[in-house]
Amino acid sequence: MSNEKTTLVKIVNATRKTTIYATSPWDNLDICCPEHGKVNTKKLLKTINDSMPRISCDIPRDEFVSRYVKRREPVILVNCTKDWVAQKEWSPEKLLNQGGGKLMWKSDFETKGEVFEEFHDQETLPGDILQKIIENNGTIKVFDSIAKQRHTFERRNGPKLNSDKMHLFTDYSKPKPVPEDYFEKAGLLTDYQWVLIGSKGTGTELHTDPEYTSAWNTVLSGHKWWVLMPPEVQPDPFLCYEDCSCEDCGNGGIRIHSWFTHVLPQLRGRKWYGKTVREFIQGPGETIYMPGNLAHAVMNIDNTLSVTENYFLEDSLDDWVHGLIAGKQLLHGYSTRHWEQEVFWKAMYYKLLDSRDREVVRSMRDQEYGHELDNEYELDDDADEEDDEQDNEENEIEKADSEETW
C-alpha cells in the first residue's frame, strides 16, 4: 500500500496441492433466502457497525483526490447540499407531479389487490399513477435516469420526450471535492445520472456500478443502509440463489429484506484479501463517494429521495487501458456508438492526460502488451516532447517577464 494507491495481490496459479493457511470466505454460505414478513427495523439497525468516516465538503479537491480517489476509498461528504434547490424543495410528491403528472419514470411497484394490475408489465409509469399507488399504501421504487446524452440527442432531432427531466440539473450540482468527469471533458455525454425514489424496505441487491466509473450519491430525505464488499470481490456468489429462494427474494425484486436478514449476517466477520464487509447509514444531506469495483447493496430504511451520478475519474486509468486491450465496451448500454472509444482515446491521450499519466499508459503497453495498442489506437510518444517544449517556452516567457520587472 502506497500513499496514493492500494495494490491487491491474488494467487493465480494455486492448485489443490497449494497450502494456504486460511479458510475460504466463499465457503459454507446459505444463499437460499427465505421469505420474510414484517421486519423490526429498529432492532435490525442495532446490528450495524457504522464504520464510514465523515468529512466536510469543504475539503480541498487535491486532498480529496489524493486521500480517496487515488486510493479508491469510500467516504461520506457532509454539507454538500446546503445551497441546493433540490435539498430545499424536492419531495417525491413534487417530482411525480411535475408536468401535470404526465412525465414518465422508470419504476417498479407493489400493491395489494388488483387495482393497478394493468401497469405491472410497464417499465415506465407516469408520475400521477405512481402518486396514486403511494396514496393507496403501495410500495414504489423509482430508479430513473435523467439521461443527459439521450435527451440532448432527442432535443436536437425533435420535440422533448415525455421522459425528459434535464431541467432538474439546475437544482443540484456536483459536490465540489469530486473531480470533473473525464467522459464529459472528452466531449462524451452519458446517461449516468439518476433520481431515486424509494419506499421503506426497497433497495438494490448486491451489484457493481458501470465499468470505469465511480459514483457520488446524495440522500435528500430519508435514510439508506449500505453494505460494501471488499474491493474486487464480485457480487454473484452472494446473491440469493433463485432455485431455492422465495419468489420475490433478490433477482431484481422490489423488496430486499431477505438478503439483509439472511445472507448479510453470514458475511460479517469474514475476510477477503484482508478486508471485511463495511456497513453504514446515510442520512439527509450526506453524500457517499463510491469508488468503482466495490460491490454494494442498499436498503431504504424509510421513504427516501436521492440523486446520484457516475464519473470516469483518474483512478480508472489502469482499468481503462486493460479494457482497451481486452476489447471491452467503454460505456455501458451504448453498443451502437462504436466511434466513442476512439474519440475518448484521442481526447484522453492528447488533451487530458499529463505527461506522467501518458508515461503510465506507454509503460503498460510496453511491459504487458508489446505494441499491440499502437495497432488499434494512435500512441504518439512525441506528445510528451511537445509538452516539454511548451513548458520550456512558458518558462522562458516567465523568466523574461521577471527580468523585465526587475
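Refer to the structure presented above.
Residues numbered from 1 in each chain as written. Predicted model: local features only at pLDDT ≥ 70, side-chain atom pairs only at ≥ 80, totals over all residues. Heavy atoms only, no water.

Enquirer: Could you clarify how one ought to interpret the overall build of the protein in this entry?
Expert: Helix and strand counts for the protein stand at 13 helices and 13 strands. Within the protein, the fraction of its 406 residues that count as buried is 47%. Sequence separation of 24 or more characterises 81% of the internal contacts of the protein that already satisfy a separation of 6 or more. Accessible area for the protein stands at about 22000 Å²; split by element, carbon and sulfur atoms hold 46% of it. (Helix = DSSP H or I, 4+ residues; strand = E, 2+ residues; numbered from the N terminus. Buried < 20%, exposed > 50% of the residue type's maximum accessible area, 1.4 Å probe, protein only. Contact = heavy atoms within 4.5 Å. Areas by Shrake-Rupley, 256 points an atom, 1.4 Å probe, with all protein chains shown as cover.)

Enquirer: Please clarify how the pattern of salt bridges should be interpreted in this entry.
Expert: Pairing between side chains becomes possible if they bear opposite charge and their charged atoms approach one another. According to the stated counting rule, one finds 18 salt bridges in the structure shown. Lys 148 is the partner of Glu 184 in a salt bridge, and the nearest nitrogen-oxygen pair spans 3.4 Å. Of the two residues, Glu 184 is situated in helix α7 (residues 182–185) and Lys 148 in helix α6 (residues 148–157); the sequence distance between them amounts to 36 residues. You can call Glu 184 partly exposed: its relative accessible area is 45%. Each member of the salt-bridge network shares a partner with another, and the members are Asp 50, Arg 54 and Glu 286. (Salt bridge = Lys/Arg side-chain N within 4 Å of Asp/Glu carboxyl O.)

Enquirer: In this structure, what is going on with the state of the cysteines? I would like to understand it.
Expert: Every disulfide links exactly two cysteines, by a covalent bond between their sulfur atoms. Taken as a whole and judged by the stated rule, the model has 3 disulfides. In this model, Cys 32 is linked to Cys 244 through a disulfide, with the two sulfur atoms separated by 1.9 Å. Its S-S torsion of approximately -85° makes the covalent link between Cys 32 and Cys 244 left-handed. Taken together, the residues span a long stretch of sequence, with Cys 32 in the segment before α1 (41–45) and Cys 244 in the loop between β9 (224–228) and α8 (257–267) at a distance of 212 residues. (Disulfide = S-S within 2.5 Å.)

Enquirer: Which parts of the structure should I look at to understand α8?
Expert: Working note: α-helix, 3.6 residues per turn, so residues spaced by three or four point in the same direction. With respect to burial, α8 is a largely interior element, 8 of its 11 residues being buried. All buried positions along α8 are accounted for by His 257, Ser 258, Trp 259, Phe 260, His 262, Val 263, Leu 264 and Leu 267. Where α8 is buried, its residues contact β7 (203–207), β9, β10 (278–282) and β12 (296–300).

Any functional reading would require information that these geometric values do not contain.
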